[in-house]
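# Overview (structure and organization)
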Amino acid sequence: MRKNELFLIFFILPLLTGCWDERLLKDSRTVYLSGFDLDENGDYQTTSIIRDLNISQASRGEISISNELVTGKGDSIKEASMAIDRSVAGKYDPAKGRTLILGNEVAKGDIYNVLDSLYRDPRVDINAKIAVTDNSANEIITHLSENEVEKGEYLYELIHSSEIHSEIQDITLRSIRTYLFDEGKDFMLPYLSKDVEDDEVKISGAALFHDHSFTGQFLSPDESTLLLFFMETKSKKAILTEQLDNKDDVSVSYNVKSVSRKLKLEKEEKVHADIMLQLDVEIVDYPPDHLDKQEMINFLEKRLSKILTEKADALFKKLAANQSDVLGLGRELIAFHPSIWKEIKGENYYEHILVNPKVKVNVRSSGIIL
Amino acid sequence: MRLKRNKSKKSLINQANLSIENIKSQLNHTSDLKDREIHSNNQIYIILYINSLVDQEKLESKIIKPLIKMENNNILNELYSQEISTAKSNKIAINGLLDGYCLLIKKGRNSEGFLLKAAASTDREVSEPTTEKTILGAKVGFVESLDKNIYLLRKTTKSPGFTVKKYTLGSSTTTDVSLIYLDHLVDPEIIKKVEQRIKSITLDSIRSAGDIQDCIEDYSFTPFPQLLLTERPDRASANLKDGRVALIIDGSPTVIIVPATFMTFFQTPDDYITRWWLGSFFRFIRLFGYIIALILPALYIAFVSFHYEVIPLELVYSLQSSLSYVPFRPIIELMIMQLSLELLREASIRLPPSIATTFGIVGGLVVGTAMVEAGIVSYGGLIIVALTSVSSFVQPNIEMSSSIRVLGFPLMLLAATFGFFGIIIGVLFVLIHLSRLTSFGLPYFSPFVPLNLEDFKDTIIRVPSWMMYKHSKNSPHFKQEKRSRKWKQDESEEPY
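Attention here is on the structure that accompanies the text. Here the structure is a predicted model, which means the values were calculated and not measured. (Residues numbered from 1 in each chain as written. Chains lettered and ligands numbered in written order. Predicted model: local features only at pLDDT ≥ 70, side-chain atom pairs only at ≥ 80, totals over all residues. Heavy atoms only, no water.)

Let's shift gears to unusual backbone geometry. Cis geometry marks the peptide bond from Ser446 of chain B to Pro447 of chain B; its omega dihedral reads 5°. Here Pro447 of chain B lies in the loop between strand E12 (442-443) and helix H18 (486-493). Pro450 of chain B follows Val449 of chain B through a cis peptide bond whose omega is -5°. Topologically, Pro450 of chain B is positioned in the loop between E12 and H18. In the Ramachandran plot, Ser166 of chain A falls in the positive-phi region, its phi being about 55° despite a non-glycine side chain. With respect to the helices and strands, the residue Ser166 of chain A is situated in the loop between helix H6 (154-164) and helix H7 (173-180). The backbone of Gln323 of chain A shows a phi angle near 60°, a positive value even though the residue is not glycine. The exposure class of Gln323 of chain A is buried, given its relative accessible area of 14%. (Helix = DSSP H or I, 4+ residues; strand = E, 2+ residues; numbered from the N terminus. Buried < 20%, exposed > 50% of the residue type's maximum accessible area, 1.4 Å probe, protein only.)

See below:
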């Protein structure tokens, strides 16, 4: 008897469920790129590309790609996406959006206002990349929808390859949240711009953030690579080129194999951060050669160390000017010098920190020819 | 009226005296029952036999001829028949007649008769089994004759421990069943259980191995077979050597092996003929195929109706473009495909092999692609169903591979209602069920549940034979010496 009742319950239960969370793939309109802007009235505008692959009825098997550009406006991001949902056939689904673009205006405000609705949706791809653009996201996306139809995940691959070359910090929708809510650490996002000459979207550097918003300044790829060395988070490849002599036009390219950083924090009048960076490099391009001679190596090491130290000085001045603690010195203080942190903590704690970088280059390898 | 007649018949059978008239009336004066009087040496003999069961040639040359020429009256010495026994009651005589013996009675002395074997034999020649193919295994399969099957087993299993026990089953028509085991390897508990279960069979008649299987298996209401049916003497013999028991049914080319565990169905003779790492690899492939065949359709349904965010981006678009032409839900789409495939499979069994190939091409390829073109199913669904059926064919045992096909449907339904969650619940149910099953008291899902690492040597992987010196827990009485590769040690000690 009990068995029969149980059986009945199990049989009927699936029929009684009121909200069935089935989402059929064929009914959904999957987004592959979204951008967020803020217009003059303070309304959010979401721009998305919905990609359709159509098998043409006449000749089966022939697949044609078409991009559909959709925009929606609203007081919040959710309202804007609801507006899009109403305007497209099928269900608007951001689950496959692998890249998010923040318009300049949005980035300069509190970017968490945009990200909040994404975090609350369990279907959003948490490994999506985020980028900032120099203009409006709408413009970039419109451009991409017209020109990059056949290129698949163009923007995602673009950002990803920059990460591999240690040009920008590896940041996803998931990891950005820890930076946003860490009081002692800031971050940088890829900075997109439209190249007028080539008519192509490019990464022109790394946008510096302070707290929740874009500072308006960005680092060039060289600078951000150097900063990544100081953060000890470089990828496998990090090739830099320096001009050794202004007169002779001799330059050297080298790949940084490994980095080691020593950080010393001291409180005097200000907090002094002495950073000693050791780079083990491999020379990959140096036409004058003679790398078999110790003097040559010594010369290169000395010269490169000097150039990089100067560059690092300039870099940290730039960071200080923007109050952007990408290096995470605040986090360092919280962890190891809580007493110092107590004195300086606050919105603009970076003002109290003076960074004194020093770079030492060791040439370890010179390729397969001597 | 009829009841009364039966009763009177019974009393006649049990009558001690042998009477030709009685025997005739009990066999309903059937017209193929012949009798013949022979005068020899001043005696009159009567030979009684069933015409259709007896080899005329044998009867004439081995029984009648010597009988006529006989000079003294010692029948046992003079006749050439293979088997001679005395029949003292009507019952024994009738059973003998039905087995193809002929009854020889001296006229006037009704108390005693002789049963002489002269049975006709129309046995098929031993040939390669068709359902369990191997690459390198023996090209020998069981046939329909009980004696020949025992012969085939004995030839591959030479041991004084080889024991045959014969049972006659069925109350209205009888069938001979032989129980075979190696006495020194088998667990006496299992023999006791098997005997007990066989004796308790009270079926009217035994049609095939399936009838016996139904009666003696531990659980009837499970898709998993607990007895191994095989057509291969080498497979049966290997199982005997593992301490299992074989049941041979007269008239059936399938032999039942008990007890069988889940992993028994994944072993084939080929595993032991090829080198061990190859055997292990194939066994792994089989297990993998089993899992694929079980959950792939369900996974596909869950993917396209609940969790398409886990599909890689490029695949999403191509799946979507093909799916958007299909008017049905994924579950209906796959059901249509699966059912039409089952139809094809069932139909191709009945066809002669020459047509079956053509049929396979027309049915599989043409119908499949046409269905996609017509928008009834999608490319994705077609691929999934094709992969599933290929995977299910990897399983060497038909019974086991059918079990996956049956289990696949409820799993698909669960996936269509609850997505991944449903699949997990379904698979969990299957695993719990498997762990609870037993085969003749032995855990069915061993060596996984209960976990027995020692037994992994011959389940998921097959280690080299010399490493299997400890026998599986199913037969704890036997241990092989760990000396088969002692030559290696000896050789390295040899001075050069």
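Turning to empty space enclosed by the protein, a few remarks are in order. Applying the stated criterion to the full structure yields four cavities of 30 Å³ or more. By volume, the largest cavity is sized at about 80 Å³. The wall of the largest cavity is formed by Ala293, Pro297, Gln338, Glu342, Arg345, Thr388, Ser389, Ser392, Ile404, Arg405 and Gly408 of chain B. For the lining of the largest cavity, the elements supplying multiple residues, two or more each, are helix H11 (276-305), helix H13 (330-350), helix H15 (379-394) and helix H16 (398-418) of chain B. The residue makeup of the lining of the largest cavity, split by class, is three nonpolar, five polar and three charged. Counted as a void, the second largest cavity has a volume near 60 Å³. For the second largest cavity, the full set of lining residues is Tyr32, Leu33, Arg98, Thr99, Glu153, Tyr154, Leu155 and Tyr156 of chain A together with Leu313 of chain B. Taken together, the elements giving at least two residues each to the lining of the second largest cavity come down to strand E1 (28-38) and H6 of chain A. In terms of residue count, the dominant contributor to the lining of the second largest cavity is H6 of chain A (three residues). (1 Å grid on protein atoms, 1.4 Å probe; cavity = no way out; pocket = protein on both sides within 12 Å on 5 of 7 lines; lining within 4 Å. Points joined across faces, edges and corners; volume = space filled by probe spheres on them. Nonpolar A, V, L, I, M, F, W, Y, C, P; charged D, E, K, R; others polar.)

Attention shifts here to the sheet that holds strand E7 (residues 175-182) of chain B. All names here are of chain B. Pairing within the open sheet is antiparallel, and its five strands lie in the order E6-E7-E9-E10-E8. The open sheet is flanked by strand E6 (162-169) and strand E8 (228-230), the only strands paired with a single partner. Sheet twist, expressed as the mean angle between neighbouring strand axes with direction ignored, is 25°. Here eight bridges tie E6 to E7, and the two strands are oriented antiparallel to one another. Residue Tyr167 lies in a different strand from E7, and its bridge partner there is Val177. Sheet contacts for helix H8 (residues 209-216): E6, E7, E8, strand E9 (245-249) and strand E10 (255-258); angle to E9, the most-contacted strand, approximately 135°. (Pairing = 2+ DSSP bridges. Axes fitted to C-alpha atoms, helices over the stretch in contact; angles between N-to-C directions. Contact = heavy atoms within 4.5 Å.)

In this section: the packing of helix H4 (residues 112-119) of chain A against H7 of chain A. All names here are of chain A. Look at H4 against H7: their axes get within 12 Å of each other, and the N-to-C directions meet at 130°. Between H4 and H7, the angle falls in the class oblique. As for the relative orientation of H4 and H7, their crossing is left-handed in sense. Along the contact surface, H4 presents Tyr112, Leu115, Leu118 and Tyr119, while H7 presents Leu173, Ile176, Arg177 and Leu180. When the residues that make up the contact of H4 with H7 are grouped by side-chain class, the tally is seven nonpolar, no polar and one charged. (Parallel < 35°, antiparallel > 145°, perpendicular 65-115°, else oblique. Left-handed = near helix turned anticlockwise from the far one by under 90°.)

Moving on, we come to the environment of Glu112 of chain B. Residues and elements named next belong to chain B. Turning to its location among the elements, Glu112 is positioned in the loop between strand E4 (101-106) and strand E5 (113-117). What makes Glu112 partly exposed here is its relative accessible area of 27%. Sequence separation between Glu112 and Ser402 is 290 residues, and the spatial gap between their C-alpha atoms is 54 Å. Ignoring any residue separated from it by four or fewer positions in sequence, one finds Glu112 in contact with Leu18, Thr86, Ala87, Lys88 and Ile105.

Right, let's talk about the layout of surface pockets for a bit. By volume, the second largest pocket amounts to about 1,500 Å³. Among the secondary structure elements, those contributing two or more residues to the lining of the second largest pocket are helix H1 (2-16) of chain A together with H16 and helix H17 (420-436) of chain B. By residue class, the composition of the lining of the second largest pocket is 24 nonpolar, seven polar and two charged.

Next up on the list: the interface of chain B and chain A. For an interface, size is often stated in terms of accessible area lost upon the parts coming together. Tallying the contact residues gives 32 residues for chain B and 24 residues for chain A. Buried surface at the junction of chain B and chain A, both sides included, amounts to about 2,600 Å², of which 57% is carbon and sulfur. When the buried surface of chain B facing chain A is broken down by residue, Tyr308, Tyr317 and Tyr325 of chain B rank first, second and third, together holding 28% of it. Between chain B and chain A we count three salt bridges in total. With a shortest N-O distance of 2.2 Å, Arg329 of chain B and Glu22 of chain A are connected by a salt bridge. Connecting chain B to chain A are 14 residue pairs in polar contact (both at pLDDT 80 or more). Where the side of chain B that touches chain A is concerned, the elements lending two or more residues are H11, helix H12 (313-323), helix H14 (353-373) and H16 of chain B. When residues in the side of chain B that touches chain A are grouped by element, the largest group, ten residues, is from H12 of chain B. Its residues assigned to classes, the side of chain B that touches chain A comprises 20 nonpolar, eight polar and four charged. (Buried area = accessible area lost by both parts, 1.4 Å probe. Salt bridge = Lys/Arg side-chain N within 4 Å of Asp/Glu carboxyl O. Polar contact = N/O pair within 3.5 Å; in protein donor to acceptor, adjacent residues only side chain to side chain.)

Residue and element names in this part refer to chain B. Interhelical geometry of H11 versus H15 gives an angle of 150° and a closest axis separation of 8 Å. The angle between the axes of H11 and H15 places the two elements in the roughly antiparallel class. With respect to the hand of their crossing, H11 and H15 are arranged in left-handed fashion. Of the residues in H15, those in contact with Ile285, Arg286, Gly289, Ile292, Ala293, Leu296, Pro297 and Tyr300 of H11 are Gly380, Gly381, Ile384, Leu387, Thr388, Ser391, Ser392 and Val394. For the contact of H11 with H15, a count of residues per class yields nine nonpolar, six polar and one charged.

All names here are of chain A. In this structure, strand E8 (residues 200-210) lies alongside strand E9 (residues 213-219), joined through four bridges in antiparallel fashion. Looking at the pairing, Phe209 lines up with Phe214 of E9. If you look at the hairpin formed by E8 and E9, you'll find two residues sitting between the two strands, and Asp211 has a positive phi there, around 55°.

In this section: the side chain of Lys129 of chain A. All names here are of chain A. Mapped onto the fold, Lys129 is located in strand E6 (residues 129-133). On the basis of relative accessible area, Lys129 is assigned to the buried category, the value being 5%. The residues touching Lys129, leaving out its near neighbours within four places in the chain, are Arg98, Thr99, Leu100, Tyr156, Ile159, His160, Glu163, Asp170, Ile171 and Thr172.

What follows concerns the packing of aromatic side chains. Aromatic ring pairs: the centre-centre distance and the angle between the two ring planes describe each pair. Scanning the entire structure with this criterion turns up 22 aromatic pairs over all chains. Centre to centre, the rings of Tyr191 of chain A and Phe214 of chain A are 5.7 Å apart; their planes meet at 40°, and the pair counts as tilted. Placement of the pair is Tyr191 of chain A in strand E7 (residues 188-195) and Phe214 of chain A in strand E9, with a sequence separation of 23 residues. Since its relative accessible area comes to 7%, Tyr191 of chain A is described here as buried. For Phe214 of chain A, a relative accessible area of 5% puts it in the buried group. Ring geometry for Phe262 of chain B versus Tyr290 of chain B: centroids 5.6 Å apart, planes at 80°, classification edge-to-face. Highlighted residues: Phe262 of chain B in the loop between E10 and helix H10 (269-273) and Tyr290 of chain B in helix H11, separated in sequence by 28 residues. As far as the burial class goes, Phe262 of chain B and Tyr290 of chain B line up, both buried. Here a set of aromatic residues connected by ring pairs shows up, and it is made of Phe224, Phe262, Phe266, Tyr290, Tyr444, Phe445, Phe448 and Phe456 of chain B. Of note, Arg51 of chain A hangs over the ring of Tyr32 of chain A, and the distance from its end group to the ring centre comes to 4.3 Å. (Phe/Tyr/Trp six-rings, centres within 6.5 Å; stacked < 30°, edge-to-face > 60°. Lys NZ or Arg CZ within 6 Å of the ring centre and 35° of its normal.)

All names here are of chain B. On the basis of which strands lie adjacent, the open sheet formed by five strands has the order E1-E2-E4-E5-E3 and antiparallel pairing. The open sheet has two free edges, formed respectively by strand E1 (33-40) and strand E3 (84-87), since each of these has just one partner strand. Pairwise comparison of adjacent strand axes, ignoring direction, gives a mean angle of 25° for this sheet. As paired elements, E4 and E5 share five bridges and run antiparallel to each other. Counted as the bridge partner of Ile105 is Gly113 from E5. Helix-sheet contacts for helix H5 (residues 90-98) involve E1, strand E2 (43-50), E3, E4 and E5, and the interaxial angle to E4 is about 140°.

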